[in-house]
Amino acid sequence: MMRTWQSARRLLPLIAVFGMVLAGCGREDLSVLRPQGPAAESSLGLMKLAISIMIVVLLIVFSIAAYVMIRFRRKPGQNGIPEQTHGSFKLEVLWTVIPLILVIVLAVPTVRTVFALGDNHSGDKNAIKVKVTGHQYWWEFEYPDYGIKTAQDLIIPAGKDIAFELTTNDVLHSFWVPSLSGKIDTNPTGATNRFSFSAPKEGVFRGKCAELCGPSHGFMEFKVKAVSNDEFNQWIEAQKAPAVLPEDPALAKTFKEQCLKCHAVGDQGLSVGPNLTGIGSRESVAGILLNDDTRQDGAPVEENLKTWLHDTQGVKPGNLMPDPKQDMGLSDDEIDRIAEYLAGYKLN
Amino acid sequence: MDWIMTVDHKKIAILYLWAGGLFFGIGGIEALLIRWQLIKPMNDFVDAQTFNELITMHGTTMIFLGVMPIIFALMNAVIPLQIGARDVAFPFLNALGFWTFLFGGLLLNLSWMMGGAPDAGWTSYTPLSGTAYSGTHGVDFYTIGLQIAGLGTLIGGINFLATIITMRAPGMSFMRMPMFAWTTFITSAIILFAFPAITVGLVLLTFDRILGANFFVPGGGGSPVLWQHIFWIFGHPEVYILILPAFGIISEVIPTFARKRLFGYSSMVFATILIAFLGFMVWAHHMFTTGLGPVANALFAVSTMLIAVPTGIKIFNWLFTLWGGSVRFATPNLFASGFIPTFTMGGVTGVMLASAPADFQFHDTYFVVAHFHYVIVGGLVMGLFAGLHYWWPKMFGRMLSETLGKWTFWTFITGFHLTFFVQHFLGLMGMQRRVFTYLPNQHFDLLNLVSTIGAGLMGAGMLLFLANVWITSRKPMDAGGDPWEDGRTLEWSIPSPPPEYNFKQTPLVRGLDAFWKEKMAGNKGMTPAEPIGSIHMPSATPLPFIMSVGIFIAGLGFMFSRDQFVSGFVSFLFNNYIVTALGLLITFGAMLVRSLYDDHGWHIEPEELEGR
């Protein structure tokens, strides 16, 4: 009994470490270690291969190190001079050749995967084309085949290849959905990047900007929403529908004059700022205020819109939107009613 | 005054050590502030802008102003002694190199007090580092400060090349040179080829920012990707500028404390050369996600992986130096032995990063942060600690406390692994780097807390080291010439600290590990290669200091040449480049004095040598 307890105690640290590694897998919609699509799976495959090789290397180095440090420790009173060996040709060849073999084992699948992932589907008729444009600090998604634009929520049909074309409107950003695919930078036009991924399962996946792009770099998040084919088509149709403006004509006028100088809804307005069509049905406001009142860290969309409109710099420091109250002269009441209107602007 | 005018390599080494230590401290405080900000989600300890300034200055300071000068301190303290020389080849230039580094570093850090530090990351990727998106003078401080500091590095590198090529004692062929001298030599060669790239890059970026050029501005036809190439053609070799000297230190410390010669000396030399060569071939592995295309990505992936081979040779050679030895774990060897597994962990994640499709996921995440801190802190800083504890008695004549040294080691290495090991997982779980905060409920909270606690422990380790230095400085100078008793190379054959002429008579080198060879043959010291004679010494001079002050003023003047000041007169001085011209006048004036006034130096006569 005592012995069992002791051996269990010895195992505790191991269990603790193991537990931490498992917990360390992270969220399904975010973690590289829990891939939800083929691109992320092939990256993880390589990672697994590399880490297996590396753990073997580490085990060898650690055991030799531990052995020599314990075995050849100078004991008290030991004053002799050990044999002065020069080296060993055989051994040195051995530890040149073995790493070389390990490198080749890793290099072959690496090169194969580089070319496999390098395939772009821009000529593929079945692929959905999406033009991604990075802005400080939001994402614009344009579907050229359908003539629509949206922001922050990238809606894609599950199972289909998405062919991306990426650029930036200002500084460099990097488009990254960890659980679906590796990242790719957005360079200015002239160095437009192309790549593709697909999401076999329906769901919402968290995306991030991975290239330092200014103060709110850490807040430049977005969501990828994989939906069924039917839902996708419905969404496309709804996006194309004419704009729904506030019912109150006075508010509609303010909205048109103030907000639509930069933003667009439906067929109206400009696309300097994020497109607002159907913002009420999005996953988040400003990419980081989650529209989910069932969660502790979320809030209803209307509340999030109010938080955002009353303190844009507080939510996302350094963003380029003028302050509705200070810069545009809107009253608190107007702001709240615009938030209410936008929250009610849902697509389905 | 003595310190401002000195041209003695041993004193310049101490200057480098203090200045490097100062900047290392600043960089360390910046690191602790960064970790404190990230201790919990949505923390508001510092704002986003300040955070970006902190990360930029932490990276820049640590690499250019923290570890490099400490490397230079050890090189200056040790290299002439190890090769049996009385000084470096160009003592005047050596002093100039130090002062330009110091004033470049001061200029960079002045940015904290003069309206905003650089905020575009230590890599300063354009267009973020352009005036359109970084409106303060921060990035100007970066370009001009680093330019001035870089001058010092380049001067130092050339000086060591000349010293090692021309001033080795009789009998010391290249293949009898100590490993630290070898790595210094190779490092200097890398500096010679890599620094011109960053020099050009910084000039172009300065022109973009101050003179309105368009090298990297997309709207004007410039290319941001060009900056990435220029930066990394310098930036990757820079990694080897940092780590090779650490390899050299480890290769000195381990044989001494194992009482065995270095295993596979010649393969170590060739591995070093190979690493340096490959170091120039792999820069684009920092750019796998830039979109260079599969062919470039594949080539750079494979060439990067190849570096694992020579590095592996080194690791196993060190382990087999210990094998069969009589190993004593004094503090320097504790750090050296801790270096081997820690650095190996940094090395293997390097190979993982080299696999381009996997790097699409690793890139710009905390996995990368973990990787390069394992290499630079777990490798280089541990190496520097080993070297400092090892050569401290030689530099200052006093042994550091062993007890405190061991406490330093255990605190530091525990804190280090606690800080950075968990960051691998943070990266894989989706945490990008350079974020000033993160949303809750992403499974980032606990690991970030652990990491911050570790950082505190590392800070405590640093304080223990400082305490050790302070306590030691109050003890008498009683370290003997060969305080570790098993010194193998020439520096241990002379008193500690060495007299200003180093060697009364240049020693005759009869093999690898020259001093050990004589000791084994039963000799008390080295056999001299020359009779006792008059020793020529260079004169002390304030000119290097004055030249650097001039460049510093010119840099400030140029930086503010477009600004309007409250005082019209001050604006007049800056806007017409009068301040710039004045600074350059000081520098060129000092150069003119140096050219016209022929200083023959002075001599230490044999009677004086014998008298001591």
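Residues numbered from 1 in each chain as written. Chains lettered and ligands numbered in written order. Predicted model: local features only at pLDDT ≥ 70, side-chain atom pairs only at ≥ 80, totals over all residues. Heavy atoms only, no water.

1. Overview of the packing of helix 7 (residues 224-258) of chain B against helix 8 (residues 265-279) of chain B
Residue and element names in this part refer to chain B.
At step 1: At a minimum axis distance of 9 Å, the contact between helix 7 and helix 8 shows a crossing angle of 170 degrees. What the angle tells us is that helix 7 and helix 8 run roughly antiparallel. Between helix 7 and helix 8 the crossing geometry is right-handed. Along its contact with helix 7, which presents His236, Pro237, Tyr240, Leu244, Phe247 and Ser251, the element helix 8 presents Met268, Thr272, Ile275, Ala276 and Gly279. (Axes fitted to C-alpha atoms, helices over the stretch in contact; angles between N-to-C directions. Helix = DSSP H or I, 4+ residues; strand = E, 2+ residues; numbered from the N terminus. Parallel < 35°, antiparallel > 145°, perpendicular 65-115°, else oblique. Left-handed = near helix turned anticlockwise from the far one by under 90°. Contact = heavy atoms within 4.5 Å.)

2. Some remarks on the interface of chain A and chain B
At step 1: Taken together, the contact pairs 90 residues of chain A with 95 residues of chain B.
At step 2: Interface of chain A and chain B: buried area, both sides summed, is about 7,800 Å²; carbon and sulfur atoms make up 70% of it.
At step 3: Three residues stand out in chain A for area buried against chain B, namely Arg74, Trp95 and Leu212 of chain A, and they jointly supply 10% of the buried area on that side.
At step 4: On the surface where chain A and chain B come into contact, there are one salt bridge.
At step 5: Across the pair Asp486 of chain B and Arg74 of chain A runs a salt bridge whose closest N-O atoms are separated by 3.5 Å.
At step 6: Linking chain A with chain B are 31 residue pairs in polar contact (both at pLDDT 80 or more), by the criterion used here.
At step 7: Of all the secondary-structure elements, those providing two or more residues to the side of chain A that touches chain B are helix 1 (2-23), helix 2 (38-71), helix 3 (89-118), strand 7 (181-186) and strand 9 (203-209) of chain A.
At step 8: Top contributing element to the side of chain A that touches chain B by residue count: helix 2 of chain A, with 17 residues.
At step 9: The class makeup of the residues in the side of chain A that touches chain B is 51 nonpolar, 25 polar and 14 charged. (Buried area = accessible area lost by both parts, 1.4 Å probe. Salt bridge = Lys/Arg side-chain N within 4 Å of Asp/Glu carboxyl O. Polar contact = N/O pair within 3.5 Å; in protein donor to acceptor, adjacent residues only side chain to side chain. Nonpolar A, V, L, I, M, F, W, Y, C, P; charged D, E, K, R; others polar.)

3. Focus: the UniProt feature "domain: Cytochrome c" (unreviewed entry) in chain A
At step 1: Mapped onto this numbering, the UniProt entry gives "domain: Cytochrome c" (unreviewed entry) at residues 246-346 of chain A.
At step 2: The distance separating the terminal C-alpha atoms of residues 246-346 of chain A is 13 Å; by composition the span is 37% helix and 8% strand. (UniProt positions renumbered as here; feature names shortened; annotations may be inferred.)

4. Some points on the packing of helix 10 (residues 308-322) of chain B against helix 11 (residues 331-354) of chain B
Describing two packed helices takes the angle between their axes plus the distance from one axis to the other.
Residues and elements named next belong to chain B.
At step 1: Packing of helix 10 against helix 11 leaves a shortest axis separation of 11 Å and a crossing angle of 165 degrees. Between helix 10 and helix 11, the crossing angle belongs to the class labelled roughly antiparallel. The two elements helix 10 and helix 11 cross, and the hand of that crossing is left-handed. Contact residues: helix 10 offers Ala308, Thr311, Ile315, Trp318, Leu319 and Leu322, while helix 11 offers Phe339, Ile340, Phe343, Thr344 and Val351.
At step 2: Partitioned by chemical class, the residues of the contact of helix 10 with helix 11 number nine nonpolar, two polar and no charged.

5. What to know about the sheet that holds strand 4 (residues 153-157) of chain A
Residues and elements named next belong to chain A.
At step 1: Sheet architecture is open: five strands sit in the order 4-10-9-6-7, paired in mixed fashion. Two strands lie at the open edges of the sheet, namely strand 4 and strand 7, each paired on one side alone. Strand-to-strand twist in this sheet, taken as the mean axis angle between neighbours without regard to direction, amounts to 25 degrees.
At step 2: Judged from the four bridges that link them, strand 6 (residues 173-177) and strand 7 form a sheet pairing that is antiparallel. (Pairing = 2+ DSSP bridges.)

6. Re the sheet that holds strand 1 (residues 128-135) of chain A
Residues and elements named next belong to chain A.
At step 1: Taken in spatial order, the five strands make up an open sheet running 3-2-1-5-8, and their pairing is mixed. Two strands lie at the open edges of the sheet, namely strand 3 (148-151) and strand 8 (193-197), each paired on one side alone. Within this sheet the neighbouring strands show an average axis-to-axis angle of 25 degrees, counted without direction.
At step 2: Across four bridges, the pairing between strand 2 (residues 138-143) and strand 3 is antiparallel.

7. With respect to unusual backbone geometry
At step 1: A cis amide bond links Gln136 of chain A to the next residue, Tyr137 of chain A, at an omega of -5 degrees.
At step 2: If you trace the backbone, Tyr137 of chain A turns up in the loop between strand 1 and strand 2.
At step 3: Even without being glycine, Asp364 of chain B reaches a positive phi, approximately 55 degrees.
At step 4: Residue position: Asp364 of chain B is located in the loop between helix 12 (356-362) and helix 13 (366-396).
At step 5: Not every positive phi belongs to a glycine, and Asn441 of chain B is a case in point at roughly 60 degrees.
At step 6: Mapped onto the elements of the fold, Asn441 of chain B is located in the loop between helix 14 (402-428) and helix 15 (445-473).
At step 7: Judged by relative accessible area, Asn441 of chain B falls into the partly exposed class, the value being 32%. (Buried < 20%, exposed > 50% of the residue type's maximum accessible area, 1.4 Å probe, protein only.)

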